[in-house]
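# Breakdown of the fold
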Amino acid sequence: MTNVSPASPPPSLYDYVAVIVKHRRLIAGVTLASTVISIIVVLLLPSIYTAKAMIIPSEDDKGVMGAMMAQLGGINGIAGITGAGLRPTKSDLYVTMLKSETLMDPIIDRFKLMNLYETKFRTDVYKLLDKNVTIKAGKKDGVITIAVDDKNPKRSADIANAYVEELGKLAARLSMNSAGSNREYLEERLSAARSDLGRAEDALKAFQSRNKAVSITDQAKASIEGIAGLRAQLAAQEVSLNTLRAQFTDTSQEVKTAKAAVSNLKAQISKMEAGGGASSSIPSIGNVPEIGQEYLRLVREFKTQETLVGLLTSQYEVAKLSESRDVAPFQVLQKAKVPERRSKPVRSKFVAIAFTLALVSSCAFVLVRDSVRE
């Protein structure tokens, strides 16, 4: 009968330690050599300094459009539109502007970055700036941080502050251009509204001169004044919608909110003019005599144009003010300072990682080699 030798037992922890001790000189040599090489490499790496600037977008300042919407005097509340969604964050917009070539061009020219980076094409400088400049917005607070890496600590701070300055100039210029377009549009609309008001006033005076006295109820007066107010607000809201469409797409929250307000105002006007059914407390215009209906139509037109002229005048004044205001729509939370210590490379961490990797690799090597030999 053939004798079968028993299987050899698996190596224990003691066996592994014995192999490592046996080849300790090799492990120590490899680890020491790798550590020395890592020290030499990290000393040759250039020191990088990081300067940070921080800004806070002014969410309560939406430029001319924000002021115009405020001048409407609660139209959104009347139309059943809440304030939610009317103040979307500007952080993403500013981050996009900061990363745009329009903003980077004056910075490249000011600091002569094409010569500094030794590049022939401006597009290469754009890529280097994207690599060396980190721009991000806080998800909770919306604070925008501009971090600039550079070999020169003073230059890193100067470039970070230059980003803030150029953003202020670009945002103010865009706001002023937008306000100028809005002012021209409002100027034309206001001129037309004043002409309509003059015609409505003349028609009402002519009617009153022909008919010395017209008897209408107080409820009818209240009804016509309410309708006139809503019609004026509707016209003003449509003006705001047109100006918003000139700046934003139809999918933006601003345009959607303005369109919803217009639809709700039209529904309320239709309901009031129809008398609102049997349950309405406001009497229908059709319930008054024929001469009274004519008088109410004239009064309604006059009141509508009068209220509209007042609303458009306020918007026009706001547009003129915004056009002349050269103020950045954000606040500087932190101006970039010259960094005192380098941010990269972290030499001690680099050497520690190299030492650990060399030690582990050399130990693994001798264990595998010994196992193959066995």
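None of these values were measured; they are calculated from a predicted model.

### So, the overall build of the chain
A tally of helices and strands in the chain yields 13 helices and four strands. Relative to its 374 residues, the chain shows a buried fraction of 38%. Look at the contacts in the chain between residues 6 or more apart in sequence, and 83% of them connect residues 24 or more apart. Summing over all exposed atoms, the chain offers an accessible surface of approximately 22100 Å²; the carbon and sulfur share of this is 56%.

### So, the confidence of the model for the chain
Of the residues in the chain, 74% have a pLDDT of 70 or more, and the chain-wide mean is 75. At the level of individual helices and strands, the chain shows its lowest average pLDDT in helix 3 (residues 63–71), which scores 44, and its highest in strand 3 (residues 144–150), which scores 93. Every residue in residues 60–88 scores below 50 in pLDDT, and together they form 62 contacts with partners more than four places removed in sequence or on other chains.

### Regarding helix 5 (residues 91–98)
Listed in full, the buried residues belonging to helix 5 are Ser91, Tyr94, Val95, Met97 and Leu98. Looking straight down helix 5, one finds its buried side chains confined to an arc of 160°; they lie on one side. Opposite the packed face of helix 5, turned more than 90 degrees from it, sit the exposed residues Asp92 and Thr96.

### Comments concerning the packing of aromatic side chains
Under the criterion given, the structure shown has one aromatic pair. Ring geometry for Tyr94 and Phe330: centres 6.0 Å apart, planes at 70°, overall edge-to-face. On the criterion of sequence distance, the pair formed by Tyr94 in helix 5 and Phe330 in strand 4 (residues 330–334) is long-range, its members being 236 residues apart. Overall, the relative accessible area of 3% leaves Tyr94 in the buried class.

Analysis parameters
- Residues numbered from 1 in each chain as written.
- Predicted model: local features only at pLDDT ≥ 70, side-chain atom pairs only at ≥ 80, totals over all residues.
- Heavy atoms only, no water.
- Helix = DSSP H or I, 4+ residues; strand = E, 2+ residues; numbered from the N terminus.
- Buried < 20%, exposed > 50% of the residue type's maximum accessible area, 1.4 Å probe, protein only.
- Contact = heavy atoms within 4.5 Å.
- Areas by Shrake-Rupley, 256 points an atom, 1.4 Å probe, with all protein chains shown as cover.
- pLDDT = per-residue confidence, 0-100.
- Arc of directions from axis to C-beta.
- Phe/Tyr/Trp six-rings, centres within 6.5 Å; stacked < 30°, edge-to-face > 60°.

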